[in-house]
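One letter stands for each residue in the lines below.
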Amino acid sequence: MTSYGGTPAASSRSRTNGLAIASLICGIIGLIFFNVILGPVAIVLGAVGMRQAPAKGGAGMAKAGIVLGIVDLVIFAALFAVAAANGGFTWYVGG
């Protein structure tokens, strides 16, 4: 079935870069969970998304993902510095 005003193939495809979206999502989630892992992932995906931006679009999301990835690493460094200044990490396992 066709809809009025367009072809079905044109409406079913997204023109946004998937790597830029993944970079943005990793950067946002990395603000709260696993920032040491998701920060570099967001930076790498954002860099690759920026290279693909002229063909697929999504340059703004890729830039935001890179910035959020850097913020993730800064948060991790700050938390690590605070933990080191307070005597480091200790694990209490029952008993």
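What comes next is a walk through the structure. The structure presented is a predicted model; accordingly, all values stated were derived computationally and were not measured.

Cut-offs applied
- Residues numbered from 1 in each chain as written.
- Predicted model: local features only at pLDDT ≥ 70, side-chain atom pairs only at ≥ 80, totals over all residues.
- Heavy atoms only, no water.
- Axes fitted to C-alpha atoms, helices over the stretch in contact; angles between N-to-C directions.
- Helix = DSSP H or I, 4+ residues; strand = E, 2+ residues; numbered from the N terminus.
- Parallel < 35°, antiparallel > 145°, perpendicular 65-115°, else oblique.
- Left-handed = near helix turned anticlockwise from the far one by under 90°.
- Contact = heavy atoms within 4.5 Å.
- Nonpolar A, V, L, I, M, F, W, Y, C, P; charged D, E, K, R; others polar.
- Buried < 20%, exposed > 50% of the residue type's maximum accessible area, 1.4 Å probe, protein only.

1. Things to note about the packing of helix 2 (residues 18–30) against helix 4 (residues 59–85)
Between helix 2 and helix 4, the shortest axis-to-axis distance is 8 Å and the interhelical angle comes to 30°. As far as their axial angle goes, helix 4 and helix 2 are roughly parallel. Relative to helix 4, the crossing made by helix 2 is left-handed. Between helix 2 and helix 4, the contacting residues are Ala-20, Ile-21, Ser-23, Leu-24, Cys-26, Gly-27, Ile-28 and Gly-30 on the first element and Met-61, Ala-62, Ala-64, Gly-65, Ile-66, Leu-68 and Asp-72 on the second. Across the contact of helix 2 with helix 4, the residue classes break down as ten nonpolar, four polar and one charged.

2. Things to note about the side chain of Ser-23
Within the fold, Ser-23 resides in helix 2. On the basis of relative accessible area, Ser-23 is assigned to the buried category, the value being 0%. Apart from residues no more than four positions distant in its own chain, Ser-23 is found in contact with Ala-42, Leu-45, Gly-46, Ala-62, Gly-65 and Ile-66.

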